[in-house]
Every structure is written in structure tokens, then in C-alpha cells.
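Structural description and commentary
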Amino acid sequence: MEHHGIYPLEKFDEASLKDRIFHSAIALFAEYGLMGARMEQIAEKAGTTKRMVVYHFKTKENLYLLVLEYVYTQIRGSEKELNLSEMPPVEAMVHLVESTFDYHADHPDFIRIICMENMQRGRFMQQSDYLREINRSALVLLEDILQRGQQKQLFSKSVNARDVHRLMSSFSFHFVANSYTFTLLFEEGADSAAQQAHYRAMAVQVVLRYICP
């Protein structure tokens, strides 16, 4: 099965059994969803038995929720590592948009898992207070950038962090989630690296035009 980079493949054989099970589950939930992925498949990919999967994670549903929490933790952690509070507001916003776009493009398993959860109407996300807590940082980060820019009259005072986050995320999400259909319909034969660079720059322009007076 194709590996999409949430967990570095070169470290897979060195990981503990529990970690191997967990990251096998990420790949299989991304590929088949909660209903399609089977515990036997997860065990086989991890090089173990179903009994050991149950021993470490109890149920498939529990394992799926842990995976959902993990993929959100990863993207929020990547944002914190950008140290945007040290940058001027416009530079910080540009860097955040570019990094968000690149993260989505480089982690298609994240997109697939979130798509699966939306198909389930957020049923498992509703069970996790942790997910609500960890994702607050996305808006806190944006609020700091916007407030610093508004104080310098660089950004419109009418914009808010929630709307900017939706705009930024939707552009990045669409690029990955609709990549096959959009490319086949409108961009067949196009250079993929050039297209990614084009839409990345476009995402920056869209956000800046929205937030600037």
C-alpha cells in the first residue's frame, strides 16, 4: 500500500509494536475509512496479530478516535513550530498560509481521514473534548497575527480569525481532496509541481486580499 508520509517509512521497522499498529491504522483508515478497514488488515500491515491489536487498543472505534486526535495534533503542532509571533504580521500571515497549504499537500492521509469523519457527520469528533481543546490553538495563532496587523492598520478590523482559518483551510483542503477529479477535468497533463506552486501562491493572494483594507 502507498504510504503518504504521516509517519516516516524508514522508522517503521524500528518502532514499537504499539506504534506500528497505530500507524498502520492511520494508513488503512485513510484508505478504507472506519467501516472498510478491518482489524485483521491493521494487524497484518503492522506484522502482528489481531489479538495484539485488541490488547493495545481494545476496539477499532477506539483506535479510530485516537487516530483522529493524532492527525489533528500533528497539524496544530506544525503550526506552533513556525514561531509566527516573532515575525511581522504580513510576513507571519504569508508564512502561515504557505505552510498550511504545504502541510495539506504533503499529508493527503490527513485529508482523507477528515473527509471520512465528515461523511460520518463528525460522530467521533463529538466524543472528544481533547479535539476541541487542541484545535483552539489554530484560532489563537491567527488572532495574534490579525491583532498585530490591525494595530498597524495593515489588516481590516472587520475580519476575524475563524473566517480567515476557513478561507485558508478550504483552499488548501480543496487542492488535495479534489486533486484527481479537478486534474482530470481541467488540468490533464499539467506539471504537478508547477500547479502546486501556482495554487500555493494563489492561496496567499486570496487571503491577503481578504484581510487587507
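This one's a predicted model, so the numbers in the text were calculated from it and none came from an experiment. (Residues numbered from 1 in each chain as written. Predicted model: local features only at pLDDT ≥ 70, side-chain atom pairs only at ≥ 80, totals over all residues. Heavy atoms only, no water.)

**Details of unusual backbone geometry**
- For lysine 58, which is not glycine, the phi torsion reads 70° and is therefore positive.
- Within the secondary structure, lysine 58 is located in the loop between helix H3 (50–57) and helix H4 (60–80).
- The residue glutamine 153 is not glycine, and still its phi comes out positive at about 60°.
- Within the element layout of this structure, glutamine 153 appears in the loop between helix H7 (129–151) and helix H8 (161–177). (Helix = DSSP H or I, 4+ residues; strand = E, 2+ residues; numbered from the N terminus.)

**Details of the packing of aromatic side chains**
- Using the criterion set out here, one finds 9 aromatic pairs in the structure.
- A ring pair is formed by tyrosine 64 and phenylalanine 124, whose centres lie 5.0 Å apart and whose planes are at 75°; its orientation type is edge-to-face. You can see tyrosine 64 sitting in helix H4 and its partner phenylalanine 124 sitting in the loop between helix H6 (108–119) and H7, a full 60 residues away along the chain.
- Given a relative accessible area of 1%, tyrosine 64 falls into the buried group.
- Members of the aromatic cluster, connected to one another through ring pairs, are Phe22, Phe57 and Tyr70.
- It is lysine 18 that lies over the ring of phenylalanine 57; its NZ or CZ is 5.7 Å from the centre. (Phe/Tyr/Trp six-rings, centres within 6.5 Å; stacked < 30°, edge-to-face > 60°. Buried < 20%, exposed > 50% of the residue type's maximum accessible area, 1.4 Å probe, protein only. Lys NZ or Arg CZ within 6 Å of the ring centre and 35° of its normal.)

**Here we look at the environment of tyrosine 130**
- Considering the arrangement of structural elements, one finds tyrosine 130 in helix H7.
- For the pair tyrosine 130 and phenylalanine 29, spaced 101 residues apart in sequence, the C-alpha separation works out to 20 Å.
- If near-sequence neighbours (up to four positions away) are discounted, tyrosine 130 is found in contact with Glu69 and Thr73.
- Within polar-contact distance, the side chain of tyrosine 130 engages the side chain of threonine 73 at 2.8 Å. (Contact = heavy atoms within 4.5 Å. Polar contact = N/O pair within 3.5 Å; in protein donor to acceptor, adjacent residues only side chain to side chain.)

**Here's the deal with the confidence of the model for the chain**
- When pLDDT is averaged along the chain, the result is 92, and 93% of the positions lie at 70 or above.
- When pLDDT is averaged over each helix and strand of the chain, the minimum, 94, is found for helix H9 (residues 179–186) and the maximum, 98, for helix H5 (residues 89–106).
- Under a pLDDT of 50 for its full length, residues 1–10 has, in the predicted model, 22 contacts with residues more than four places off or in other chains. (pLDDT = per-residue confidence, 0-100.)

**Digging into the packing of helix H1 (residues 17–36) against helix H2 (residues 39–46)**
- Relative orientation of the contacting elements H1 and H2 amounts to 140°, with a least axis distance of 8 Å. In terms of their interaxial angle, H1 and H2 are classed as oblique. For H1 against H2, the interelement crossing comes out right-handed. Of the residues in H2, those touching H1 at Leu17, Arg20, Ile21, Ser24, Ala25, Ala27, Leu28, Phe29, Tyr32 and Gly36 are Gln41, Ile42, Lys45 and Ala46.
- In terms of residue class, the contact of H1 with H2 is built from 9 nonpolar, 3 polar and 2 charged. (Axes fitted to C-alpha atoms, helices over the stretch in contact; angles between N-to-C directions. Parallel < 35°, antiparallel > 145°, perpendicular 65-115°, else oblique. Left-handed = near helix turned anticlockwise from the far one by under 90°. Nonpolar A, V, L, I, M, F, W, Y, C, P; charged D, E, K, R; others polar.)

**Brief notes about the pattern of salt bridges**
- For the coordinates displayed, the defined rule picks out 10 salt bridges.
- Note that glutamate 79 and arginine 76 form a salt bridge whose closest N and O atoms lie 2.8 Å from each other. Within this pair, glutamate 79 and its partner arginine 76 are both found in helix H4, separated by 3 residues, close to a single helical turn. Here the two residues glutamate 79 and arginine 76 agree in accessibility, since each one is buried. (Salt bridge = Lys/Arg side-chain N within 4 Å of Asp/Glu carboxyl O.)

**A few points about the nonpolar core**
- Grouped together as the largest cluster of nonpolar side chains are 33 residues, with contacts concentrated most on Phe29, Ile42, Leu63, Val67 and Leu68.
- Breaking this core down by element, the ones donating at least two residues are H1, H2, H3, H4, H6 and H7.
- The element that contributes the greatest number of residues to this core is H4, accounting for 9 residues.
- Sequence-distant contacts of phenylalanine 29, defined by excluding residues within four places in its chain, comprise Leu34, Ala37, Ile42, Lys60, Leu63, Tyr64, Val67, Ile113 and Met116.
- Listed in part, the 22 residues of the second largest apolar core include Leu96, Phe101, Val159 and Val207. (Core = buried A, V, L, I, M, F, W, Y, C linked by side-chain atoms within 4.5 Å.)

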